[in-house]
Amino acid sequence: MNPVGRKILAELQRDGRQSLTDLAERVGLSLSPCHRRVRALEQSGVILGYRAELNANTLGLEFSAMVFVTLREGDRNAVSAFESALETIPQIVEAQRLFGDPDYLLQVITRDLMAFQRLYDEQLSALPNVQRLTSTLVMRNVIQSRALPL
């Protein structure tokens, strides 16, 4: 990627709501070439979308946990069933498949400890093919939603 493309991406990560006019000015392009480059970055899949970043605490979601999941089996069908089931639980805000043990790392956000306990007992422990769940409570977020290094 060329330096102007990197500047565009850095600016959009900093402020995804800025107008194309402001963006063009900040990266040193006129409006039409800037718009073409942004559209090309969107169409190529470099820019996946735009969304608002919300404050979980302000919304009453004050409890965060990392849940490590070890599966009983690792075949394609078992993994697919597990990952599909994850999609149905909105309190799981991030999920990563890992190499080694454990198999997955889930970031879970709930209202409070009691809500997490209910989620754990009723939904997480009932996920298909789960052998073991291990939870770690988040004390505080140190780095969150950091822009990608360009």
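Residues numbered from 1 in each chain as written. Predicted model: local features only at pLDDT ≥ 70, side-chain atom pairs only at ≥ 80, totals over all residues. Heavy atoms only, no water.

## What to know about the overall build of the chain
Our working rule: Helix and strand labels come from DSSP, where a helix needs a run of H or I of at least four residues and a strand needs a run of E of at least two; each type is numbered from the N terminus. A 1.4 Å probe rolled over the protein chains alone gives each residue an accessible area, and that area as a share of the maximum for its type sets the label: buried under 20%, exposed over 50%, partly exposed in between. Residues count as neighbours in contact if any of their non-hydrogen atoms are within 4.5 Å of one another. Residue-level accessible areas treat just the shown protein chains as cover; the underlying method is Shrake-Rupley with a 1.4 Å probe. As used throughout, the charge tally considers Lys and Arg to be positive and Asp and Glu to be negative, leaving His and the chain termini uncounted. The atoms used to mark charge sites are NZ of Lys, CZ of Arg, CG of Asp and CD of Glu.
Within the chain one finds five helices and four strands. When the helices and strands of the chain are listed from N to C terminus, the series reads α-α-α-β-α-β-β-α-β. In terms of its C-alpha atoms, the chain occupies a principal-axis envelope of roughly 55 × 40 × 25 Å. By residue count, 28% of the 150 residues in the chain fall in the buried class. Considering only contacts within the chain whose residues lie at least 6 apart along the sequence, 61% involve residues at least 24 apart. Surface summary for the chain: the accessible area is close to 10,500 Å², and the carbon and sulfur share equals 51%. Put simply, the chain has 17 plus and 17 minus side-chain charges, and the middle of one group is 8 Å from the middle of the other.

## Examining the packing of aromatic side chains
Test applied: Centre distance within 6.5 Å is the pairing criterion for rings of Phe, Tyr and Trp, where only the six-membered ring of Trp is used; planes under 30 degrees apart are then read as stacked, over 60 as edge-to-face, and the remainder as tilted.
Within this structure, the stated rule accounts for three aromatic pairs. Arranged with centres 5.3 Å apart and planes meeting at 40 degrees, the rings of Phe-63 and Phe-116 form a pair that is tilted. Of this pair, Phe-63 sits in strand S1 (residues 63–71) while Phe-116 sits in helix H5 (residues 113–124), placing them 53 residues apart in sequence. Its relative accessible area of 13% is what places Phe-63 among the buried residues. Residue classification places Phe-116 among the buried residues on the basis of a relative accessible area of 6%. Geometrically, the ring pair formed by Phe-116 and Tyr-120 is tilted, given 5.9 Å between the ring centres and 55 degrees between the ring planes. Separated by four residues within a single helix, Phe-116 and Tyr-120 lie in helix H5, roughly one turn from each other. Classification of Tyr-120 as partly exposed rests on a relative accessible area of 23%. An aromatic cluster is defined as three or more aromatic residues linked by ring pairs; in this entry it consists of Phe-63, Phe-116 and Tyr-120.

## Some points on the side chain of Ser-64
Note that Ser-64 resides in strand S1. Overall, the relative accessible area of 12% leaves Ser-64 in the buried class. Setting aside residues no more than four positions away along its own chain, Ser-64 makes contact with Gln-107, Val-108, Ile-109, Leu-137 and Val-138.

## Quick look at the environment of Thr-136
Among the structural elements, Thr-136 can be located in strand S4 (residues 130–137). With relative accessibility at 39%, the residue Thr-136 sits in the partly exposed group. Spatially, the C-alpha atoms of Thr-136 and Phe-63 are 11 Å apart, while their sequence positions differ by 73 residues. With sequence-adjacent residues up to four places away left out, Thr-136 is seen in contact with Ala-65, Met-66 and Phe-68.

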